[in-house]
Amino acid sequence: MNYKKKKIKVGFTTGDINGIGIEIFLKVCSKKKLLDFFTPILFGSTKICFYYKKILNFEINNIREIKNFKEVVDYKINVFNIWKEDMKFESIKIHHPESGKLSILSLKKAVKALKEGKIDVLVTAPVNKKYMNFKNFSFIGHTEYLQNILEGESLMFMIHDILKIALVTNHLPLKRVSSELNTKKIIKSIKILRQSLIIDFAIEKPKIAVLGCNPHSSDNGLIGNEEKIKIKPAIDNLFQKQGWLVFGPYSSDSFFGNQSYLNFDAVLAMYHDQGLIPFKTITFNQGVNFTAGLSHIRTSPDHGVAYDIAKKGIANENSFEEAIFYAIKIFKNRKEYMKFSLSKLL
């Protein structure tokens, strides 16, 4: 496909408007050479773009308001005005309820466009989950909302060229992790992970490492029994019965300490911090959060709203930029996979 003729349309949410989302969006989209590869569409407001342009002293001259998707133009920052233009963004402070309401509205509009095929992929800016807790939005975060709206079974998948980590459980209190784990759930997570590696990353025979749950992977049952009764049976089922390259359970401290992750295409962690701490430590400012297993593609940077550096012009846009190009790469890989699968049927 000639992407100069038909570029991939990348949709963007604003995230929390008091965070660094708009700043890193504008930083990336102001790099004109990058717009050779995609056409940006922001679901937010031209007013907030100009507000950030002014306070951060950005030299950007390609912000363009659009009212429908027929007006989308390449090499422009296309912006749908989904908020009232008389809104004074400078008056909406961090603890203002409007901050969460606006980020929800941006997300809903963007996901609707994604589902309807108006945009090809979606990149979401960081949000503060605390300020998104409204009666009409009862989801913990992006992943849970996307799972509810789009087709498929979602899997939180942190991706980077040298390390990919998926999670069996997402945003759970640590005390609930063990009760939420079971062999069926672990098998399902491995299946989604393996399918994503094949379809989204063009890895023909993925090699997957599965981490244990307890310290030292339970030391043969001395420290808990989740490995023996929940995790190992899942691995054995897929390795022995399916012939899949699934190994473990590994003790997570030594697994990352001795760089064993370099021997695998992906790693499956049992809970959030077990996977996210090593991932962010190893790939800081370059990692990407990908919602695998769904019918449509969504990525995001691997960091939060960063209120402490917001509106100072010093936010690092690398992870956000990587999120865009991983979304494009996955989109192209899915196209190629479908083309290959179709050719096998003919």
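See the structure above.
Residues numbered from 1 in each chain as written. Predicted model: local features only at pLDDT ≥ 70, side-chain atom pairs only at ≥ 80, totals over all residues. Heavy atoms only, no water.

A. Broad picture of the overall build of the chain. The secondary structure content of the chain amounts to 10 helices and 12 strands. Whereas a compact globule of 346 residues would reach a radius of gyration of roughly 20 Å, the chain reaches 21 Å, a difference of no more than 12%. Counting only C-alpha atoms and orienting by the principal axes, one finds that the chain spans roughly 65 × 55 × 35 Å. A burial count over the chain gives 53% of its 346 residues as buried. Considering only contacts within the chain whose residues lie at least 6 apart along the sequence, 74% involve residues at least 24 apart. (Helix = DSSP H or I, 4+ residues; strand = E, 2+ residues; numbered from the N terminus. Rg over C-alpha atoms; globule rule 2.2 N^0.38 Å. Buried < 20%, exposed > 50% of the residue type's maximum accessible area, 1.4 Å probe, protein only. Contact = heavy atoms within 4.5 Å.)

B. Spatial organisation of unusual backbone geometry. The linkage connecting Gly248 with the following residue, Pro249, adopts the cis geometry, with an omega of 0°. By secondary structure assignment, the location of Pro249 is in strand S9 (residues 245–250). At His216, a residue that is not glycine, the phi angle is positive and equals roughly 55°. The topology assignment puts His216 in the loop between strand S8 (207–211) and helix H7 (226–241). The phi dihedral of Asn220 is positive, around 55°, even though this residue is not glycine. Topologically, Asn220 is positioned in the loop between S8 and H7.

C. Spatial organisation of the nonpolar core. Grouped together as the largest cluster of nonpolar side chains are 90 residues, with contacts concentrated most on Leu26 and Phe157. Top element by residues in this core is helix H10 (residues 318–345). It accounts for 8 residues. Among the nonpolar cores identified, the runner-up in size contains 15 residues, and Ala209, Phe255, Ala269 and Leu276 belong to it. (Core = buried A, V, L, I, M, F, W, Y, C linked by side-chain atoms within 4.5 Å.)

D. Structural view of the sheet that holds strand S4 (residues 77–81). Spatially, 12 strands are ordered S3-S4-S2-S1-S5-S12-S11-S6-S7-S10-S8-S9 in an open sheet, and the strand pairing comes out mixed. Either end of the sheet is taken by a strand with one partner, and the two such strands are strand S3 (63–66) and S9. The mean angle between the axes of side-by-side strands here comes to 25°, regardless of whether they run parallel or antiparallel. In this structure, strand S1 (residues 8–13) lies alongside strand S5 (residues 121–123), joined through 3 bridges in parallel fashion. Within S5, the position partnered with Phe12 by the bridge is Val123. The strands touched by helix H6 (residues 183–199) are strand S6 (152–159), strand S7 (165–167), S8, S9, strand S10 (266–269) and strand S11 (288–294); relative to S6, the strand with the most contacts, the crossing angle is about 70°. Its contacts with the sheet place H7 against S8 and S9, and it is angled at close to 165° to S9. (Pairing = 2+ DSSP bridges. Axes fitted to C-alpha atoms, helices over the stretch in contact; angles between N-to-C directions.)

E. Molecular detail of the packing of aromatic side chains. Overall, the coordinates contain 20 aromatic pairs when judged by the stated rule. Between the aromatic rings of Phe43 and Phe69, the centroid separation amounts to 6.4 Å while the plane-to-plane angle is 50°, which identifies the pairing as tilted. Note that Phe43 is positioned in strand S2 (residues 38–44) and Phe69 in the loop between S3 and S4, a separation of 26 residues in sequence. According to the relative accessible area criterion, Phe43 is buried, its value standing at 3%. A connected cluster of aromatic rings, assembled from ring pairs, spans Phe239, Phe247, Tyr250, Phe255, Phe256, Tyr261 and Phe264. Seen from the ring of Tyr75, Lys7 lies directly overhead, with NZ or CZ sitting 3.3 Å from the centre. (Phe/Tyr/Trp six-rings, centres within 6.5 Å; stacked < 30°, edge-to-face > 60°. Lys NZ or Arg CZ within 6 Å of the ring centre and 35° of its normal.)

F. Local environment of the side chain of Asn18. Within the secondary structure, Asn18 sits in the loop between S1 and helix H1 (21–29). A polar contact of 3.4 Å, which involves the side chain of Asn18, links it to the side chain of Lys311. (Polar contact = N/O pair within 3.5 Å; in protein donor to acceptor, adjacent residues only side chain to side chain.)

G. Just the pattern of salt bridges, in detail. Evaluation of the coordinates by the stated rule reveals 11 salt bridges. Among the salt bridges present, the one from Glu180 reaches Arg176, with a minimum N-O distance of 3.3 Å. Here Arg176 and Glu180 lie together in helix H5 (residues 174–180), a separation of 4 residues that amounts to about one turn. Residue Glu180 is classed as partly exposed on the basis of its relative accessible area, which comes to 26%. The closest approach of N and O atoms between Lys185 and Glu180, which form a salt bridge, is 3.7 Å. (Salt bridge = Lys/Arg side-chain N within 4 Å of Asp/Glu carboxyl O.)

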